[in-house]
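Now for the letters of each chain:
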Amino acid sequence: MSGSKLRLAVIGVGSWSNRIHIPQIVSHPDAEVVALCTRTEEKLRQTGEEFGVSRLYTDYRQLFAEGGLDAVTISSTHNAHYPIAKAALEAGLHVFCEKPLGINSLQTKELAELAERRGVKTMVAFTNRWVPESRYVKRLLDEGYLGQPFHYNGCQLAGYMRPGGNWRWRADPMLGGGGVLY
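Residues numbered from 1 in each chain as written. Predicted model: local features only at pLDDT ≥ 70, side-chain atom pairs only at ≥ 80, totals over all residues. Heavy atoms only, no water.

Things to note about the packing of aromatic side chains
Here is step 1 of the chain: According to the stated counting rule, one finds 1 aromatic pair in the structure shown.
Here is step 2 of the chain: Between the NZ or CZ atom of R61 and the centre of the ring of Y60, over which it lies, the distance is 4.8 Å. (Phe/Tyr/Trp six-rings, centres within 6.5 Å; stacked < 30°, edge-to-face > 60°. Lys NZ or Arg CZ within 6 Å of the ring centre and 35° of its normal.)

Here it is in structure tokens:
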């Protein structure tokens, strides 16, 4: 971190970034959103106006070349996570990326090794790891209260198919989709 605040760029502005990532960064006293990047200029302009961010980019490579960042959050289509994360790591930036980090294990292994060589931190967003119920169950497991689990049955209700929602890309293999397990 080069200044008094962690300087972040948000790559991929849309529903999730605008409802979750950006407001959480803005709410933290030691962090600030200094740049936004997405392919759609209108969406980029609107998000910039909404959150008071003036550094706007449609190409992440230009964003990284201009510098002035400590870290990035990546919330683009799944097929774009790997090349963006790789470029960010090569630029020496810390990376917080929505899942999946890569389309396959070879990509994710390469990114993990690159982060280690560059000495930067990475994190993949698994929202439910911070949900109080999930943390409570983890504590019970760690304490041995539940014994040795041998089976788990879970259910995810994500609401992707709500009317008017932009969910179809999640099922498109060319965009890195393939269902809830990606």
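Digging into the pairing of strand β4 (residues 71–74)
Here is step 1 of the chain: A two-sided burial pattern is seen for β4, the buried positions comprising A71 and T73 on one face and V72 and I74 on the other.
Here is step 2 of the chain: Sheet analysis places strand β1 (residues 6–11) next to β4, joined by 4 bridges and oriented parallel. Of the residues in β4, the one forming a bridge with V10 is T73.
Here is step 3 of the chain: Assessed by its sense of winding, the connection that carries the chain from β4 through helix α4 (residues 78–90) to strand β5 (residues 94–98) is right-handed. (Buried < 20%, exposed > 50% of the residue type's maximum accessible area, 1.4 Å probe, protein only. Helix = DSSP H or I, 4+ residues; strand = E, 2+ residues; numbered from the N terminus. Pairing = 2+ DSSP bridges. Right-handed = clockwise from strand over helix to strand, strands pointing away.)

What about α4?
Here is step 1 of the chain: Taking 1.5 Å of rise per residue, 13 residues should cover 18 Å, and α4 covers 19 Å from first to last C-alpha, within 8% of that figure.
Here is step 2 of the chain: Taken together, the buried positions of α4 are occupied by H78, A80, H81, Y82, I84, A85, A87, A88 and L89.
Here is step 3 of the chain: Looking one or two residues beyond α4, the residue adopting positive phi is G92, at roughly 80 degrees. (Expected span 1.5 Å × (residues − 1).)

Let's talk about the environment of T77
Here is step 1 of the chain: With respect to the helices, strands and loops of the structure, T77 is situated in the loop between β4 and α4.
Here is step 2 of the chain: The spatial distance from the C-alpha of T77 to the C-alpha of E98 is 9.4 Å, given a sequence separation of 21 residues.
Here is step 3 of the chain: Looking at T77, its side chain comes within polar contact range of the side chain of N79, at 2.7 Å. (Polar contact = N/O pair within 3.5 Å; in protein donor to acceptor, adjacent residues only side chain to side chain.)

Any functional reading would require information beyond the geometric quantities listed.
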